[in-house]
Amino acid sequence: MVRVSVISRPATIVLDDNGNEKNEFSASEVLDQLETDWRSMWISIFLQFVVGVQVSVYYMSMWPYLQKLDKSADVDFLGWIIASCNIGSTISNPIYGYWNQRTMSVKMPVIVGFLIAALAQTWYALLSLFPDAKWFMLAARVITGLGVGNIAALRIYAATASTPKDRMKAISYGTGGYVLGISFGPVLSAFFTPLGENGWKLGSIHINMFTTVAFLMTIVCLVACVVVQLFFKENYVGIIDENEKDLNVVIPKYDMYGALICIYLFMVVNIIATNIEVMSTPLTTVLYDWKDSQSILYNGIALCCSCVVSVLLNVILGSTRLGKLDKRIQLLIGIGFFLLYQVFMYPWGFYSGPLDFLPNGKDTDVAGGCYQTYEWCKWTTRVPLPIYLICFIVFFGVAFPFVESPSAALYSEILGPRKQGNMQGLFSLGGSLAPVIGSLTSTALFQATGFRYVMVYQAGILVIGAALVMVFYKRLVPLKLKSIKKT
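This one's a predicted model, so the numbers in the text were calculated from it and none came from an experiment. (Residues numbered from 1 in each chain as written. Predicted model: local features only at pLDDT ≥ 70, side-chain atom pairs only at ≥ 80, totals over all residues. Heavy atoms only, no water.)

Now for helix H6 (residues 133–148). In an α-helix there are 3.6 residues to a turn, and that puts residues three or four apart on one side. Its 16 residues place the ends of H6 22 Å apart at the C-alpha level, agreeing with the 22 Å of an ideal helix rising 1.5 Å per residue. What H6 keeps buried is the set Ala 133, Lys 134, Met 137, Leu 138, Ala 140, Arg 141, Ile 143, Thr 144, Gly 145, Gly 147 and Val 148. Where H6 is buried, its residues meet helix H2 (38–56), helix H3 (62–69), helix H4 (75–103), helix H5 (107–125) and helix H7 (151–160). (Helix = DSSP H or I, 4+ residues; strand = E, 2+ residues; numbered from the N terminus. Expected span 1.5 Å × (residues − 1). Buried < 20%, exposed > 50% of the residue type's maximum accessible area, 1.4 Å probe, protein only. Contact = heavy atoms within 4.5 Å.)

Given below as structure tokens:
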């Protein structure tokens, strides 16, 4: 591990165009002489992909698995199970951040997190052995969240182990890795659908489309631990050591309002991402009369296409001039595309309708449609399938990288070149708390009133986000360093 002190560099004293010493200057004018360790950074990006897969792999298959294990579970309880992973992450994110702040270590928090996640994934695969399986599923997902909260440590590494000139690239690629994981998880689950819901038994252990992927996730977590232990090295080239006695720059306090706005925007994008991915299976079941296996497969394909769009845009943001565009403008572009999603997915009166109900005596494992308890289906219209696919693939795929990557990069720049463990833990906590809020509110709204007010609710928090960016536009800027005179 390397800590950086500016006294060893000729650029400690920064001059303007006239040769006069600057009083205020950016961290890039001091730190860009160093080099980012891209080997370790790529490992960090891969690990963020693994975390994304661990979080989302059951999003589309969880409901049919839950119904198979415990018929007493309803959509409200599904909301709690979905939220439970993020509840675990909400608890563990600040812990991993504090661990890094105290030790300046990313390696051990990441390894411990993946070991915890491996235990939880094995538990998830063995749920059929337990009575009242819905409660054990809830516990398994909480423990998974306690493990994958190590994403906080990985984000800290991207922010503090990259030079300012590489910061957007490191964070965009890391975000792209996480998005790819979030998007690839349900696709991976869909890949195992040929095994069927029943599969076969190995002793008392069920091997089917639900459990096989859980055992695979256990193996992936253990492999990630080995990779970190053998190949990952820590090199914090983005930090100025504030305790250096000969330091002739001071790092001022960061703008708390700017930091909080970045956290809010990160929360909004995670609320909407979770809602879209979690609600896709029950939503398409009622909209297009798809049975469970069809919803999982078709939404998995759509999510894969959306993933390709998001990852490509993250790569473009990290490697082309588009990434140099003012991050505040990027945020407003992303919010605009998210709002387009809400507008087109709203059940307008000129869409066809109403929706169909399930045939008597049938469940969603054999047929699609609305449950008889969904009174709102009688007056809800059907969003045309081509519009649904365009919204899911294009609008969602474009919006995500234009909000998450610049909000994370801007947050790091607002904090400045200091240790960011606690604050990055808070940032990740917001990202984990948001899906808890989103999944509980959206599933409750969906069951009671349909998806109409889910769209209204999401549009409302997006409009608030856009308003905050515009009102506090001048405060959403990178922190400036100040020179000091030594006596």
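Accessible area lost during the coming together of the parts is what is often quoted as the interface size. What the domain assignment reports for the chain is domain 1 (37–236) and domain 2 (251–486). The C-alpha centroid of domain 2 is placed 20 Å from the C-alpha centroid of domain 1. Broken down residue by residue, the surface that domain 1 buries against domain 2 is led by Met 60, Gln 101 and Met 168, which jointly contribute 17%. One can count zero salt bridges joining domain 1 with domain 2. Scanning the region where domain 1 abuts domain 2 turns up seven residue pairs in polar contact (both at pLDDT 80 or more). Those elements that place two or more of their residues in the side of domain 1 that touches domain 2 are H3, H4, H7 and helix H8 (164–191). (Domains from an automatic or database assignment. Buried area = accessible area lost by both parts, 1.4 Å probe. Salt bridge = Lys/Arg side-chain N within 4 Å of Asp/Glu carboxyl O. Polar contact = N/O pair within 3.5 Å; in protein donor to acceptor, adjacent residues only side chain to side chain.)

Moving on, we get to the pattern of salt bridges. Enumeration over the complete set of coordinates arrives at five salt bridges. In this structure, Lys 327 engages Glu 413 in a salt bridge whose closest nitrogen and oxygen atoms are separated by 3.3 Å. With Lys 327 in helix H12 (residues 327–345) and Glu 413 in helix H13 (residues 385–415), this pair connects stretches of sequence that are 86 residues apart. For the pair formed by Lys 327 and Glu 413, the shared burial category is buried.

Overall, the coordinates contain one disulfide when judged by the stated rule. One disulfide bridge connects Cys 370 with Cys 377, the sulfur atoms lying 2.0 Å from each other. In this structure, the disulfide formed by Cys 370 and Cys 377 twists by about -85° around the S-S bond and is classed as left-handed. Neither residue differs from the other here; Cys 370 and Cys 377 are each classed as buried. Left unpaired, Cys 225 is separated from the closest cysteine sulfur, that of Cys 221, by 7.1 Å. Assessed through its relative accessible area of 9%, Cys 225 is described here as buried. (Disulfide = S-S within 2.5 Å.)

Below, the discussion takes up the packing of aromatic side chains. In total, this model carries 32 aromatic pairs according to the counting rule given. With a centroid separation of 5.4 Å and an interplanar angle of 45°, the aromatic rings of Tyr 288 and Trp 290 are classed as tilted. Judged by its relative accessible area of 13%, Tyr 288 falls in the buried class. Considering the side-chain rings of Phe 338 and Phe 396, the 6.3 Å spacing of their centres and the 55° angle between planes classify their relative orientation as tilted. Of this pair, Phe 338 sits in helix H12 while Phe 396 is found in helix H13, placing the two residues 58 residues apart along the sequence. Residue classification places Phe 338 among the buried residues on the basis of a relative accessible area of 1%. Through successive ring pairs, a cluster of aromatic residues spans Tyr 288, Trp 290, Tyr 298, Phe 338, Tyr 388, Phe 392, Phe 396 and Phe 400. Its guanidinium or amino end placed over the ring of Trp 38, Lys 169 lies 4.7 Å from that ring's centre, counting from NZ or CZ. (Phe/Tyr/Trp six-rings, centres within 6.5 Å; stacked < 30°, edge-to-face > 60°. Lys NZ or Arg CZ within 6 Å of the ring centre and 35° of its normal.)

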